[in-house]
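Each chain, written out:
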Amino acid sequence: MTTTVTPPDAPPPGAPVKESKRPRLPKAARAGGQLHGGPIAYAILIVFTIVSLFPLVWTAIAASRDNQRLAQTPPPFWFGSGLFDKLEIAWKDANLGEAFFNTTIVAGTSALTIVFLSTIAGFAFAKLRFRGRGALMLIVIGTMMVPPQLSVIPLYMMVAKLDWTDQLQAVIFPSLVSAFGVFFMRQYLIQALPDEIIEAARVDGASSWRVVWHVVFPAARPAMAVLGMLTFVQTWNDFMWPFLVLTQMGNPTVQVAVAGLGRGYTPDQSLIMAGALLGTLPLLLVFAIFGKQIVGGIMQGAVKG
Amino acid sequence: MATRHDTAAPPAEGGAAPGRPPADPVSLEKERRRRDRLSRRWQRDIRWSPYAFVSPFFLLFVAFGLFPLIYTGWASLHQVELTAPTDMNWVGLRNYTRIFDDEFFWNAAKNTLTIGIISTVPQLLMAMGIAHLLNYKLRASTFFRVAMLAPYATSIAAASLVFVLLFGRDYGMINWALDMVGINPVDWQNDKWYSQIAVSTIIIWRWTGYNTLIYLAAMQAIPQDLYESAALDGANRWQQFIHVTLPALRPTILFTCVVSTIGASQVFGEPLLFDANQGTSGGAEHQFQTLGLYLYEQGWVAHHLGRASAIAWTMFLFLIVIGIVNYVISRRLRASS
């Protein structure tokens, strides 16, 4: 505030008034602005944080205890000694090694494809003029409203006809389209990619594909990373469609395998918890590392949405 | 690469390219034709590349989005069995009349509605409150945001299985905690209302943080001067929230309502896994069977794909009605403000 060169009450005519140049208001008048949170705010937030995290922590606690202990009151609040044994058994029983491999392939393929296709389509919708643009964009937004249950049955028939039942491509192909992804990239590129840069590249004689490769992709990289992570999380956690097409359990994804642990005839509770923990752990790690970016990405998508 | 840049210069600028040696008529003519060719290629590129960029999405979308949508409608007018999905017998609207006569369909529809309400309303209210708190200047605000979003990273399967244990009747932690404060244990799985509350809790737990972030983002986009002028007019914090924050959030609230409604109409994994008997009926007395689960039961357990398609389309029509109601309400709201 001390470095203001021009007097704040005399902006040059026509210049946009910057926030920092506004005269400071008396403290009472700023009361509605960025207030510091008081102890009550912290207390409530801490309670909600505990509620958020507790079931996750308790999954690990339950996985570390044997079933006799789980069938007692009070329930266990701290770790027992059996965690790693249980994780190992769950890993083998649910064939989680293969399931992890499958799910990584499915989630990875769909994340990469969706990011690529959404970026080029989002670029076209954001920056290129073409006939039918408005109508096509409306279709994209409209499809975000269609419940997936509607497509489940014919998709199942298609998969059955192609003899893909119980094979991974049955899960991969329907997850390659994301209307949300197109919408998200379009919103990002409208703002993040100045028209002048595209024009400059055009004047230099770049073809459209060169523009995409050398201008759009570098500019969109942060949004591509966020969309990739969101898509990965979503595909990794998808339950209904894999559950329907991978019926024979020979080739499951992680979620189907974990749910399978809970649907035996004599369910072993702590084993189920160990499986649930293993199925969630990779994503929790991703969250621990990239949490800030993911949060930023969701908020970014939300503001402009 | 640099040379290609040069030769591919757009014709609009081409005439002024400096440093080109003057040439005899033959090569001038060649040059002119070369430029025409480039110009045509340039025009083609400008004209068609947008379609090239959007077409992969739309091709996949038509195959895996639009076609299934229409085909489901077509299949709902036929008798189709899971065992022979290609044998279709035209039955007109019989699938619809049959499910409308089916008490389990109405039961599932009612359950979907009640579970939808008791999961969506508290979820959005809490999200709004937490977002308001997170909008303050806070220490460790990133930590709070990430922690609140952690359930979003958890799958339906993992979350449902954990909550089944937490909601256990005899040894579950929630009944134990209720007992500590002197409330009798609750049969979370067999009582109609309590089981629906339990299923809703799983949904609330997973999605509150996500909605919180969406509200928070919208709150941070509200210009500070609105609050300042409200404060100058003597509005206290609560009045500022009511008269500044809420109106500014109206589009976002509407958006989250629509998205949550769609989500609530599709609830499937939670009631499926919450069932102690591991059936598809949503509890021994169908007490928490949702439409999604009923669709699965009709299609994949009873093998009636035609009837399941009719259920899917009915759900779609419900959503369209809700969408229209939403639209009308939002227009009324806008008109009145």
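As recorded in an unreviewed UniProt entry, chain A goes by the name Cellobiose transport system permease protein, listed as coming from Streptomyces caelestis. The record in UniProt for chain A states the following under Sequence similarities (unreviewed entry): "Belongs to the binding-protein-dependent transport system permease family." Turning to chain A, the UniProt annotation filed under Subcellular location (unreviewed entry) states: "Cell membrane".

**Quick notes on the overall build of chain B**
Helix and strand counts for chain B come out as 14 helices and two strands. For 337 residues, the compact-globule estimate of 2.2 N^0.38 gives 20 Å, and the C-alpha radius of gyration of chain B, at 29 Å, exceeds that figure by more than 25%. Burial status across chain B gives 49% buried among its 337 residues. Considering only intrachain contacts with a sequence separation of at least 6, the fraction spanning at least 24 residues in chain B is 66%.

**Considerations on the pairing of strand 2 (residues 84-90) of chain B**
Sheet faces and side chains relate simply in a regular strand, where the side chains alternate between the two faces. Residues and elements named next belong to chain B. Bridging between strand 1 (residues 78-81) and strand 2 involves three bridges; their strand directions are antiparallel. Looking at the pairing, Glu81 lines up with Ala84 of strand 2. As consecutive antiparallel partners, strand 1 and strand 2 are separated by two residues.

**Details of empty space enclosed by the protein**
Enumeration over the complete set of coordinates arrives at two cavities of 30 Å³ or more. If you go around the largest cavity, the residues you meet are Pro55, Leu56, Thr59, Ala276, Leu277, Thr280 and Leu284 of chain A together with Thr154, Ala158, Ala159, Val162 and Trp205 of chain B. Of all the elements in the fold, those that place two or more residues in the lining of the largest cavity are helix 1 (39-63) and helix 13 (269-304) of chain A together with helix 7 (156-166) of chain B. Counting residues per element, the lining of the largest cavity draws most heavily on helix 13 of chain A, at four residues. Taken together, the residues of the lining of the largest cavity sort by class into nine nonpolar, three polar and no charged.

**Let's talk about the UniProt feature "transmembrane region" (unreviewed entry) in chain A**
Residues and elements named next belong to chain A. Look at the UniProt record and you will see "transmembrane region" (unreviewed entry) annotated at residues 40-61, 105-126, 138-159, 171-190, 211-233 and 271-290. For the annotated span residues 171-190, helix accounts for 70% and strand for 0% of the residues, and the straight-line distance between the end C-alpha atoms is 32 Å. Taken end to end, residues 211-233 is 100% helix and 0% strand, and its two terminal C-alpha atoms sit 30 Å from one another.

**Notes on the packing of aromatic side chains**
All names here are of chain A. Inspection of the entire model under this criterion finds 43 aromatic pairs over all chains. A ring pair is formed by Phe125 and Phe130, whose centres lie 6.0 Å apart and whose planes are at 45°; its orientation type is tilted. The buried category is assigned to Phe125, whose relative accessible area is 2%. Take Phe130: its relative accessible area is 11%, and that puts it in the buried class.

**Digging into the environment of Ile156 of chain B**
Residue and element names in this part refer to chain B. Along the chain, the position of Ile156 falls in helix 7. As for Ile156 and Glu270, which are separated by 114 residues in sequence, their C-alpha atoms are 6.4 Å apart. With residues near it in sequence (within four places) discarded, Ile156 still touches Arg206, Gly269, Glu270 and Leu273.

**Describing the confidence of the model for chain A**
All names here are of chain A. For chain A, per-residue confidence averages 80 on the pLDDT scale, and residues scoring 70 or more make up 85% of the total. For chain A, the element scoring lowest by mean pLDDT is helix 2 (residues 67-70), at 75; helix 4 (residues 96-127) scores highest, at 92. Taken as a whole, residues 1-23 scores under 50 in pLDDT and shows six contacts with residues more than four places along the chain or in a different chain. In this model residues 25-33 is a low-confidence stretch, pLDDT under 50, and it forms 17 contacts with partners more than four residues away in sequence or in other chains.

**A word on the interface of chain A and chain B**
Contacts between chain A and chain B engage 112 residues on the former and 103 residues on the latter. For the pair chain A and chain B, the two sides together bury roughly 9,700 Å², of which 77% comes from carbon and sulfur. Between Arg202 of chain A and Asp45 of chain B there is a salt bridge, with its nearest N and O atoms 3.3 Å apart. At the junction of chain A with chain B, the criterion picks out nine residue pairs in polar contact (both at pLDDT 80 or more). Tallied by class, residues from the side of chain A that touches chain B come to 78 nonpolar, 24 polar and ten charged.

**A closer look at the packing of helix 4 of chain A against helix 12 (residues 254-261) of chain A**
All names here are of chain A. It is the contact of helix 4 with helix 12, at a shortest axis distance of 8 Å, that shows an interaxial angle of 150°. Taken together, the axes of helix 4 and helix 12 lie roughly antiparallel to each other. Contacts from Leu96, Ala99, Phe100 and Thr103 of helix 4 reach helix 12 at Val254, Ala257 and Val258. When the residues that make up the contact of helix 4 with helix 12 are grouped by side-chain class, the tally is six nonpolar, one polar and no charged.

Rules behind the numbers
- Position numbers for residues start from 1 in each chain and track the written sequence from start to end.
- Think of it this way: whatever chain is written first is A, whatever ligand is written first is 1, and the rest follow in order.
- Given that this is a predicted model, residues contribute local features only at a pLDDT of at least 70 and side-chain atom pairs are listed and counted only at 80 or more, while totals for whole chains, interfaces and linings are drawn from all residues.
- To obtain the side-chain values, all non-hydrogen atoms of the structure were used and water was disregarded.
- UniProt positions are given in the numbering used here, feature names are shortened, and annotations may be inferred rather than shown by experiment.
- Secondary structure follows DSSP: runs of H or I at least 4 residues long count as helices, runs of E at least 2 residues long count as strands, and numbering of each begins at the N terminus.
- A radius of gyration in this sense is built from C-alpha atoms; the matching globule rule multiplies 2.2 Å by the number of residues raised to 0.38.
- Only protein chains enter the calculation, and the probe is 1.4 Å; a residue is then buried if its accessible area is under 20% of its type maximum, exposed if over 50%, and partly exposed in between.
- By the convention used here, residues are in contact when the closest approach between their heavy atoms is within 4.5 Å.
- Strands are treated as partners if at least two bridges between them are detected by DSSP.
- Note on definitions: the grid is 1 Å and covers protein atoms alone; a cavity is a set of points where a 1.4 Å probe fits but cannot get out; a pocket is an open set with protein on both sides within 12 Å along at least five of seven lines; lining residues have an atom within 4 Å of a point.
- Grid points are joined across faces, edges and corners, and a volume is the space filled by probe spheres set on the points.
- Residue polarity follows a fixed list, in which Ala, Val, Leu, Ile, Met, Phe, Trp, Tyr, Cys and Pro are nonpolar, Asp, Glu, Lys and Arg are charged, and the others, Gly among them, are polar.
- Any two rings among Phe, Tyr and Trp, with Trp reduced to its six-membered ring, count as a pair given centres within 6.5 Å; such a pair is stacked if its planes are under 30 degrees apart, edge-to-face if over 60, and tilted if neither.
- Confidence per residue, as judged by the predictor, is encoded in pLDDT with a range of 0 to 100.
- A 1.4 Å probe defines the accessible area here, and the buried area is the portion of it lost by two parts on being joined, summed over both.
- Between Lys or Arg on one side and Asp or Glu on the other, a salt bridge is scored when a side-chain nitrogen of the former is within 4 Å of a carboxyl oxygen of the latter.
- Think of a polar contact as two N or O atoms within 3.5 Å of one another; within protein, one of them needs to be a possible hydrogen donor and the other a possible acceptor, and neighboring residues in sequence only count if both atoms come from side chains.
- Axis geometry follows a simple rule: fit a line to the C-alpha atoms, using only the stretch in contact for helices, then measure angles between N-to-C directions, giving values from 0 to 180 degrees.
- Orientation is classified from the angle alone, with under 35 degrees giving roughly parallel, over 145 giving roughly antiparallel, 65 to 115 giving roughly perpendicular, and any other angle giving oblique.

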